[in-house]
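Observations on the model geometry
So you can see what is in the structure, the chains are spelled out below.
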Amino acid sequence: MMTLLDNVGMLCIFMGLPFFLTGTVGLLRFPDIYTRLHALTKADNVGLGLITLGLSLQADNLFIVAKLILIWILVLIASSASCHLVARSAIQKNIHPWVK
Amino acid sequence: MSYLHTSCAFIILCAIAAGMIRILQGPTAADRMMAAQLFGTCGVAILLLLAKGLDTIVLLDIAMVFALFAALASITFVRRAWHEQTGASR
Amino acid sequence: MMPYSILTAFDIVLISTLLWLAWKMLRSEDLFKAVVLFISFGLLMALAWVRMRAPDVALAEAAIGAGLTGPLFLSALRRMERLHKDERRVNIDEERKSETIFHTQQKETP
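Residues numbered from 1 in each chain as written. Chains lettered and ligands numbered in written order. Predicted model: local features only at pLDDT ≥ 70, side-chain atom pairs only at ≥ 80, totals over all residues. Heavy atoms only, no water.

Moving on: the interface of chain B and chain A. Every contact between the two is made by 41 residues of chain B and, on the other side, 44 residues of chain A. For the pair chain B and chain A, the summed buried surface comes to about 3800 Å²; carbon and sulfur atoms form 78% of the total. On the surface where chain B and chain A come into contact, there are two salt bridges. A salt bridge links Arg36 of chain A to Asp31 of chain B; the nearest nitrogen and oxygen atoms lie 2.7 Å apart. For the side of chain B that touches chain A, the secondary-structure elements that each account for two or more residues are helix H1 (2–25), helix H2 (29–53) and helix H3 (59–81) of chain B. Here the element with the most residues in the side of chain B that touches chain A is H2 of chain B; it accounts for 13 residues. Across the side of chain B that touches chain A, the residue classes break down as 29 nonpolar, seven polar and five charged. (Contact = heavy atoms within 4.5 Å. Buried area = accessible area lost by both parts, 1.4 Å probe. Salt bridge = Lys/Arg side-chain N within 4 Å of Asp/Glu carboxyl O. Helix = DSSP H or I, 4+ residues; strand = E, 2+ residues; numbered from the N terminus. Nonpolar A, V, L, I, M, F, W, Y, C, P; charged D, E, K, R; others polar.)

Right under this line is the structure:
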């Protein structure tokens, strides 16, 4: 039973890793500030959510699970707030989105 | 188990080291700041994985501090530091 | 045996990234770029303290080094640029005053 949960958690962690790599590749390769914001804030948060899920499947007690979920919610709030702030003030500064 | 967690942390650290290129050659100021925010998110993931891999639960608190203060840095950047001189160069 | 080898690779990548960041931070002409490099240097330095088995120092480094000093540097940078603008404006005004005085003196002398 314990080993099954551990294996499923490890699978979730391995599924979360490509999202981080995709976020970094998107940050390096995308042409515009808005597309870079998109790649960064969304892909990384999904990857962090999968890693949190995997680690909470492997956790020892419920306190650690609650703490992991709290960390993930904090990162979600922080990154979405800063993403919206940066995108809105980039629009206000007349930085045009990349076309074609 | 510990070996698998630390190797996952190593892969995410490689992602951080690649994202540093964007800080060094970002055209606008917001790109550099976004790369710093990528450092924050990836650092949280590395700390969570190391907390399991090294068996130190204290690292979860450091991950929480990372999550809070990375947001503080980018909010301060938008409110205070991003104006026409450093900003809209394109 | 295996965890030590992957942790050694982790440490090598971490240390080389830290050294590269510190060198680029010292050598950068742009002050804003230096501040962003400083913030990311603080985040990676917290990871280095974690690897040196000092989580309390890592907590202080993440809170003070990256969290408080970075935003303080950002707002200090804006204030400094504003001060430089004021200095420039004062200098231009003084130059104009001296030029007008010079011109009036030239007009009065003949």
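Moving on from the coordinates now.
On to the environment of Thr6 of chain B. Mapped onto the fold, Thr6 of chain B is located in helix H1. Since its relative accessible area comes to 2%, Thr6 of chain B is described here as buried. As for Thr6 of chain B and Lys52 of chain B, which are separated by 46 residues in sequence, their C-alpha atoms are 8.6 Å apart. What Thr6 of chain B contacts, discounting residues up to four positions off in sequence, is Leu50 of chain B together with Ile6 and Leu7 of chain C. (Buried < 20%, exposed > 50% of the residue type's maximum accessible area, 1.4 Å probe, protein only.)

All names here are of chain A. Judged by side-chain polarity, Ile69, Ile73 and Ile77 come together as a nonpolar surface patch covering roughly 260 Å² of accessible area. Turning to its location among the elements, Ile69 is positioned in helix H3 (residues 62–92). On the accessibility criterion, Ile69 (40% relative accessible area) is partly exposed. (Patch = residues over 30% accessible without salt bridge, like charges linked within 9 Å, V, L, I, M, F, W, Y side chains within 5 Å. Areas by Shrake-Rupley, 256 points an atom, 1.4 Å probe, with all protein chains shown as cover.)

With that out of the way, let us pick up the packing of aromatic side chains. Considering all chains together, one arrives at two aromatic pairs over all chains under this definition. Ring centres 5.6 Å apart and planes at 40° place the aromatic pair Phe77 of chain B and Phe32 of chain C in the tilted group. Of this pair, Phe77 of chain B sits in helix H3 while Phe32 of chain C is found in helix H2 (residues 31–51), placing the two residues in two different chains. Residue classification places Phe32 of chain C among the buried positions, given a relative accessible area of 2%. (Phe/Tyr/Trp six-rings, centres within 6.5 Å; stacked < 30°, edge-to-face > 60°.)

Residues and elements named next belong to chain C. UniProt's feature table lists "transmembrane region" (unreviewed entry) at residues 6–23, 35–52 and 58–77, given in the numbering used throughout. Here residues 6–23 runs as 100% helix and 0% strand, with 26 Å between its end C-alpha atoms. Summarising residues 35–52: 94% helix, 0% strand, and an end-to-end C-alpha distance of 25 Å. (UniProt positions renumbered as here; feature names shortened; annotations may be inferred.)

Taken together, the 38 residues of chain C in the interface contact 38 residues of chain B. Summed over both sides, the interface of chain C with chain B buries roughly 3600 Å², with 84% coming from carbon and sulfur. Taken together, chain C and chain B are joined by zero salt bridges. Applying the counting criterion to the chain C and chain B interface returns one residue pair in polar contact (both at pLDDT 80 or more). If one sorts the elements of the side of chain C that touches chain B by residue count, helix H3 (residues 55–108) of chain C sits on top with 13 residues. Within the side of chain C that touches chain B, the residues separate by chemical class into 27 nonpolar, four polar and seven charged. (Polar contact = N/O pair within 3.5 Å; in protein donor to acceptor, adjacent residues only side chain to side chain.)

Attention now goes to empty space enclosed by the protein. Vacant regions in the atomic arrangement are exposed by a probe of water-molecule size rolled over the atoms. Evaluated as defined, the whole model comprises five cavities of 30 Å³ or more. Its volume calculated, the largest cavity comes out at about 80 Å³. Looking at the lining of the largest cavity, the elements with two or more residues in it are H3 of chain A together with H2 and H3 of chain B. Considered class by class, the residues forming the lining of the largest cavity number seven nonpolar, four polar and no charged. (1 Å grid on protein atoms, 1.4 Å probe; cavity = no way out; pocket = protein on both sides within 12 Å on 5 of 7 lines; lining within 4 Å. Points joined across faces, edges and corners; volume = space filled by probe spheres on them.)

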